[in-house]
Amino acid sequence: MSAGTWSEFELIARLTAGLPSREEVVVGIGDDCAVLDTGGPRLLLLTCDSQVEGVHFTLHTSSPQEVGRKALAINLSDIAAMGGEPRYALISLHIPRRCPLEVLEGLYTGLRQEAAAAQTLIIGGNVSGTGAAETLAIDITLLGESERGRVLTRAGARVGDTIFVTGYPGDSAAGLHSLLYPDHPYPPTACERLRAVHRVPRPRLAEGRLLSQLGPQIVTALIDVSDGLSGDLGHICERSGVGASIEVARLPLSAELQALAATLGRDPLAWALHGGEDYELLFTVAPGYEETVQARFAAAGAAPITPIGQITEAASGLRLRWPDGREEPLSVQSWDHFTTPGQARST
Ligand SMILES: Nc1ncnc2c1ncn2[C@@H]1O[C@H](COP(=O)(O)OP(=O)(O)OP(=O)(O)O)[C@@H](O)[C@H]1O
Ligand SMILES: Cc1ncc(C[n+]2csc(CCOP(=O)(O)O)c2C)c(N)n1
Ligand SMILES: [Mg+2]
C-alpha cells in the first residue's frame, strides 16, 4: 500500500495515532497551529506549511517573487486562524540543481516583502537538493504568540451560533482556473483581480486579532479556508461536535467571480464552496453577538464579513439551504492531496 491509499486526513490520523503529549501542549494536532504554554506571559503558536512546484504553483503562472510571498502568506494565515500575532519564521528550501539563481533571489524578495509587512523576522532555515526530482519546494515554520484566554480554536462552535466568512470565497480558485486554462476569452479586469488573489493571498491577520479581542465567549470557533469552505467548515464541525447549514443565497460571490463563471457557463457556487486557497477566515459567533462583531469590523475598517449560515446538531451533518427553503446535504469536495483528481492516488 502507498500513501495515496488514504485521504490526506486519514493518513495524518494513522501516522499520528497514540503520539504522547504533555501538559504544556494546550492544543496539539488538529488545529491551524499548535499552542504551547511555556510559562511565559503569552502562549506560543507554531505552524508549518509548504508550497511545492506543480502542486501549489508553477513558475509559468506565478513569478518567483509571488511564490515567495504566498509561501509566507499561507503560514501567516494559520496564525491569523488562531487569532495570534506572527513573530519568527524558518525557511526550508528544496532546490533542484538546475534551478536558476534569479528564481531563488526572486523567491527571497517575496519572502522579505511579506515578512516585513507582517513584522515577522526570518531567523533561520535550511537548504537541500532534490536529487533526481526537478521540483522546487518551500517549507516554512512560523512561530507566533497570543494572550492567554484569547486563542481561538476550531473546537468551540455550539448549536445556534452564526457562521461568518471574511471576503469572497471562490475568487482564488477561479483565478487559478483562468491561469491553468488561459486560452478562453475571459473578462480582462475580472480575470486580473482573481489571478492576483490566487497568486498572492492576503492573510487576514488584523481580522484574526479583532476576533481574538472579542474573545472565545463571542467568537466560538475559527479556521482559515485553505482546502475549501465545505471541507474547512467540516473541520470546525468535527472538532466542535456539531453540524452546519449554509444558506446559498447568503454566500458572498464577488462580481469578478460571477463574471468569469458566466463566460465559462460554470456555476460560481462550486468555486465558492469547494475551491480552496481563499485564506479567508471562517468563524462562528454566539447568538446575539452578530451585530457586535459586524460593528467592530466596520469600525476597524477590516475586511467585509458575511453571515452565511447556522451551526446545527451534529446529527444533521453539513447542509445547504436554497432560497425556496429546500435543504440538501452539502458534500465536501475540497482539496485533498491524495484524492483530488489530478493528484496521485493508488488503488
Ligand atoms: N505529518 C504530520 N504529522 C503530524 N501532524 C500533522 C502532519 N501533517 C499535518 N498535521 C496536523 O494535522 C492538522 C491538519 O493539517 P493541515 O496541514 O491540513 O492543516 P490546516 O491548517 O487544516 O491546512 P493548511 O495546512 O492548508 O493550512 C494540523 O493540526 C497539523 O499540524
Ligand atoms: C498548479 C496548481 N494546481 C492546483 C492548485 C490548487 N491547490 C493546490 S494545494 C490546494 C489546497 C491548499 O494546499 P495545502 O492543503 O497544502 O495547504 C489547492 C486548492 C494550485 N494552487 N496550483
Ligand atoms: Mg489552516
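Residues numbered from 1 in each chain as written. Chains lettered and ligands numbered in written order. Predicted model: local features only at pLDDT ≥ 70, side-chain atom pairs only at ≥ 80, totals over all residues. Heavy atoms only, no water.

### Points about the site of ligand 1
So, point 1. Surveying the vicinity of ligand 1 reveals the residues Glu8, Phe9, Ile12, Thr16, Ile29, Gly30, Asp31, Asp32, Asp49, Asp78, Arg154 and Ser226.
So, point 2. Contact between ligand 1 and Gly30: an oxygen atom at 2.7 Å from a main-chain N or O atom of the residue.
So, point 3. Measuring from an oxygen atom of ligand 1, one finds a side-chain N or O atom of Asp78 at 3.0 Å.
So, point 4. Coverage of ligand 1 by the protein chains reaches 67% of its 610 Å² of free accessible surface.
So, point 5. Looking at the shell around ligand 1 residue by residue, the classes come out as three nonpolar, three polar and six charged. (Near = heavy atom within 4 Å. Polar contact = N/O pair within 3.5 Å; in protein donor to acceptor, adjacent residues only side chain to side chain. Areas by Shrake-Rupley, 256 points an atom, 1.4 Å probe, with all protein chains shown as cover. Nonpolar A, V, L, I, M, F, W, Y, C, P; charged D, E, K, R; others polar.)

### Quick notes on the UniProt feature "domain: PurM-like N-terminal" (unreviewed entry) in the protein chain
So, point 1. Residues annotated by UniProt as "domain: PurM-like N-terminal" (unreviewed entry) correspond here to residues 30-145.
So, point 2. Spanning residues 30-145, this segment combines 29% helix with 37% strand, and its end C-alpha atoms are found 18 Å apart. (UniProt positions renumbered as here; feature names shortened; annotations may be inferred. Helix = DSSP H or I, 4+ residues; strand = E, 2+ residues; numbered from the N terminus.)

### So, the nonpolar core
So, point 1. Ranked by internal contacts, the top residues of the largest apolar core, which has 45 residues, are Leu72, Ile138, Ile140, Leu211, Phe283 and Val293.
So, point 2. The element best represented in this core is helix 2 (residues 64-80), accounting for six residues.
So, point 3. Lining this core are residues from two domains, each supplying at least three of them: domain 1 (3-147) and domain 2 (162-329).
So, point 4. Among residues more than four places away in sequence, those in contact with Ile138 are Asp49, Ser50, Gln51, Phe57, Val67, Ala71, Ile91, Ser92, Leu93 and Leu107.
So, point 5. Of all hydrophobic cores here, the second largest spans 23 residues; its members include Leu233, Leu251, Ile308 and Ile311. (Core = buried A, V, L, I, M, F, W, Y, C linked by side-chain atoms within 4.5 Å. Buried < 20%, exposed > 50% of the residue type's maximum accessible area, 1.4 Å probe, protein only. Domains from an automatic or database assignment. Contact = heavy atoms within 4.5 Å.)

### A short note on the layout of surface pockets
So, point 1. A volume near 190 Å³ is recorded for the second largest pocket.
So, point 2. Forming the boundary of the second largest pocket are 13 residues, of which Arg193, Val197, Arg204, Asp278 and Glu280 lie nearest the centre.
So, point 3. Within the residue set of the lining of the second largest pocket, elements represented by two or more residues are helix 4 (171-180) and helix 5 (188-199). (1 Å grid on protein atoms, 1.4 Å probe; cavity = no way out; pocket = protein on both sides within 12 Å on 5 of 7 lines; lining within 4 Å. Points joined across faces, edges and corners; volume = space filled by probe spheres on them.)

### Looking at the pairing of strand 10 (residues 281-285)
So, point 1. Within strand 10, five of the five residues are buried, which leaves the element mostly enclosed by the surrounding structure.
So, point 2. Residues Leu281, Phe283 and Val285 point to one face of strand 10 and Leu282 and Thr284 to the other, with burial holding for every one of them.
So, point 3. In terms of strand pairing, strand 7 (residues 162-166) meets strand 10 through four bridges, oriented antiparallel. Bridge pairing links Phe164 to Phe283 in strand 10.
So, point 4. Bridging between strand 8 (residues 219-224) and strand 10 involves five bridges; their strand directions are antiparallel. Looking at the pairing, Ile223 lines up with Leu282 of strand 10. (Pairing = 2+ DSSP bridges.)

### A few points about the environment of Gly39
So, point 1. As for its position among the elements, Gly39 is in the loop between strand 2 (34-36) and strand 3 (42-52).
So, point 2. Placed 15 residues apart in sequence, Gly39 and Glu24 show a C-alpha to C-alpha distance of 8.3 Å.

### As for the domain arrangement of the protein chain
So, point 1. By the assigned domains, the protein chain splits into domain 1 (3-147) and domain 2 (162-329).
So, point 2. Taking only C-alpha atoms into account, the centre of domain 1 sits 23 Å from that of domain 2.
So, point 3. At the interface, 28 residues of domain 1 touch 21 residues of domain 2.
So, point 4. Taken together, both faces of the contact between domain 1 and domain 2 bury some 2,100 Å²; the carbon and sulfur share is 51%.
So, point 5. Of all residues in domain 1, Thr61, Lys70 and Ala80 give up the largest surface area on contact with domain 2, accounting jointly for 24% of the area buried on that side.
So, point 6. Where domain 1 meets domain 2, there are five salt bridges.
So, point 7. For Glu66, the salt bridge goes to Arg199, with nearest N and O atoms at 3.6 Å. (Buried area = accessible area lost by both parts, 1.4 Å probe. Salt bridge = Lys/Arg side-chain N within 4 Å of Asp/Glu carboxyl O.)

### Let's talk about the sheet that holds strand 13 (residues 327-329)
So, point 1. Taken in spatial order, the seven strands make up an open sheet running 8-10-7-11-9-12-13, and their pairing is mixed. Looking at which strands have only one partner, the edges of the open sheet turn out to be strand 8 and strand 13. For this sheet, the mean inter-axis angle between neighbouring strands, taken without regard to orientation, is 25°. (Axes fitted to C-alpha atoms, helices over the stretch in contact; angles between N-to-C directions.)

### With respect to the UniProt feature "binding site: Mg(2+) 5" (unreviewed entry) in the protein chain
So, point 1. Sites flagged by UniProt as "binding site: Mg(2+) 5" (unreviewed entry) map to Asp227.
So, point 2. The exposure class of Asp227 is buried, given its relative accessible area of 13%.
So, point 3. In contact with Asp227, other than residues within four places in its own chain, are Phe9, Asp232, His235, His274, Gly275, Gly276, Ser334 and Trp335.

### A closer look at the sheet that holds strand 1 (residues 25-27)
By way of backbone hydrogen bonds, the strands of a sheet pair with one another, either parallel or antiparallel.
So, point 1. The strand order across the open sheet formed by six strands is 1-2-3-6-4-5, and the pairing between neighbours is mixed. A strand with exactly one partner marks an edge of an open sheet, and here the two such strands are strand 1 and strand 5 (121-129). Averaged over all adjacent pairs, the angle separating strand axes in this sheet is 25°, with direction ignored.
So, point 2. In the sheet, strand 1 pairs with strand 2 via two bridges, with the strands oriented antiparallel. Pairing of Val25 across the sheet is with Leu36, part of strand 2.
So, point 3. Packing against the sheet, helix 3 (residues 101-117) makes contact with strand 4 (85-95), strand 5 and strand 6 (137-147), and its axis sits at approximately 170° to strand 4.
So, point 4. Its contacts with the sheet put helix 6 (residues 205-214) on strand 3, strand 4 and strand 6, and the angle it makes with strand 6 is roughly 30°.

### A short note on the coordination of the magnesium ion (ligand 3)
So, point 1. Within the first shell, the magnesium ion (ligand 3) binds the protein through Asp32 (OD), Asp78 (OD) and Asp224 (OD), at distances of 2.1 to 2.2 Å.
So, point 2. Using a relative accessible area of 8% as the deciding quantity, one classes Asp78 as buried.
So, point 3. For Asp224, a relative accessible area of 1% translates into the label buried. (Donors = N, O, S within 2.8 Å, 3.2 Å for Na, K, Ca; no water.)

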